[in-house]
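# Inside the fold
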Amino acid sequence: MTPFPDGTLFTIEANYREDLIGTGRYRKQGLFDQLVSVETLEASGAMMGLLETALARREAKQRETLQAEQLSRCVILPCRCGHEVSYDPQEQIFVTLLGGVIITCDACRTVLSLQAIEQSLQRRILALQAELRQQQDHLALVGELQRSMAGAKEGVKR
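Below is a short write-up of the structure. Quick caveat: nothing in here was measured; it's all calculated off a predicted structure.

## Remarks on the overall build of the protein
Assigned secondary structure in the protein consists of two helices and seven strands. Relative to the compact-globule value of 15 Å for 158 residues, the protein shows a C-alpha radius of gyration of 33 Å, a clear excess of over 25%. The burial tally for the protein puts 19% of its 158 residues in the buried class. Carbon and sulfur atoms provide 55% of the accessible area of the protein, an area that totals close to 11,900 Å².

## Describing the nonpolar core
Most often, soluble globular proteins keep nonpolar side chains buried together rather than apart. If you look at the biggest cluster of nonpolar residues, it comprises nine residues: Leu77, Cys79, Val85, Tyr87, Phe94, Ile102, Cys105, Leu112 and Ile117. Aside from chain neighbours lying at most four places away, what touches Val85 is Val75, Ile76, Leu77, Phe94, Leu112 and Ile117.

## Looking at the pattern of salt bridges
As enumerated under the stated definition, the model contains six salt bridges in all. Ionic pairing is found between Glu59 and Arg63, a salt bridge with its closest N-O pair at 3.1 Å. Note that Glu59 and Arg63 are positioned in helix α1 (residues 50–73) at a spacing of four residues, about one turn of the helix. Judged by relative accessible area, which is 47%, Arg63 ranks as partly exposed. Connected through salt bridges with shared partners, the residues Arg73, Asp88 and Glu91 form a single ionic network.

## What about the environment of Lys28?
Within the element layout of this structure, Lys28 appears in strand β2 (residues 19–29). Judged by its relative accessible area of 0%, Lys28 falls in the buried class. Non-local contacts of Lys28, meaning those with residues more than four positions away in its chain, are made with Met1, Thr2, Phe4, Pro5, Asp6, Gly7, Thr8, Phe10, Asp33, Gln34, Leu35 and Ser37. There is a polar contact of 2.2 Å between the side chain of Lys28 and the backbone oxygen of Phe4. A distance of 2.9 Å separates the side chain of Lys28 from the backbone oxygen of Leu31, its partner in a polar contact.

## Digging into unusual backbone geometry
Unusually for a residue other than glycine, Gln92 sits at a positive phi of about 60°. Within the element layout of this structure, Gln92 appears in the loop between β5 (84–88) and β6 (93–95). Positioned with a positive phi, Arg109 is a non-glycine residue whose angle comes to about 65°. Within the fold, Arg109 resides in the loop between β7 (101–102) and α2 (114–157). Arg109 gets classed as exposed once you look at its relative accessible area, which sits at 57%.

## Examining the sheet that holds β2
If you walk across this open sheet you meet the three strands as β1-β2-β3, and the pairing is antiparallel. One side of each edge strand has no neighbouring strand; the edge strands of this open sheet are β1 (9–16) and β3 (37–45). Sheet twist, expressed as the mean angle between neighbouring strand axes with direction ignored, is 20°. Pairing analysis gives eight bridges linking β2 to β3, with the strands arranged antiparallel. Residue pairing in the sheet places Lys28 in a bridge with Val38 of β3.

## A short note on the pairing of β5
For β5, a buried count of four out of five residues is recorded, marking the element as mostly surrounded by other parts of the structure. Relative to β5, strand β4 (residues 75–78) runs antiparallel, the two sharing four bridges. Bridge assignment links Ile76 to a residue of β5, and that residue is Ser86. As consecutive antiparallel partners, β4 and β5 are separated by five residues, and within that stretch Gly82 has a phi angle of approximately 100°, a positive value. As judged from the three bridges shared by β5 and β6, these two strands associate in the antiparallel manner. When the bridges of β6 are listed, Ser86 appears paired with Val95. Between β5 and β6, which follow one another and run antiparallel, lie four residues, and Gln92 among them has a positive phi close to 60°.

Basis of the calculations
Residues numbered from 1 in each chain as written. Predicted model: local features only at pLDDT ≥ 70, side-chain atom pairs only at ≥ 80, totals over all residues. Heavy atoms only, no water. Helix = DSSP H or I, 4+ residues; strand = E, 2+ residues; numbered from the N terminus. Rg over C-alpha atoms; globule rule 2.2 N^0.38 Å. Buried < 20%, exposed > 50% of the residue type's maximum accessible area, 1.4 Å probe, protein only. Areas by Shrake-Rupley, 256 points an atom, 1.4 Å probe, with all protein chains shown as cover. Core = buried A, V, L, I, M, F, W, Y, C linked by side-chain atoms within 4.5 Å. Contact = heavy atoms within 4.5 Å. Salt bridge = Lys/Arg side-chain N within 4 Å of Asp/Glu carboxyl O. Polar contact = N/O pair within 3.5 Å; in protein donor to acceptor, adjacent residues only side chain to side chain. Pairing = 2+ DSSP bridges. Axes fitted to C-alpha atoms, helices over the stretch in contact; angles between N-to-C directions.

Below, the structure written as structure tokens:
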């Protein structure tokens, strides 16, 4: 049906051996080389629900493919609470693993935005840098104490 223009009418007959077991009249919906949907005008016998079922399967498969594509391009980012959220850079939206749009973090109910995540990450980096400086100061102090103790032991030995 794809190579035909929008609105083209089709009659399909279903045969089993020599017997006619169903007929259907359908109208194509979709541009040339595109099949969006098929409108069932009338159907009987084996043709009842046949195209609808096939189209429903096709649509479900297309949805699954689109979901997989979306998930493959998603970036995992930490919310300010630490909960991981998925961001689709192409669509510029936050999404669930099933592809649904989310506006707030499931864990803390904070409204999600790239700006808020960036600010949260910058604060976290500053806090980690401060903690690192503190730990380096502690390490230097421990080194000084060890050197001073080693010097004191040498003075006692002499």
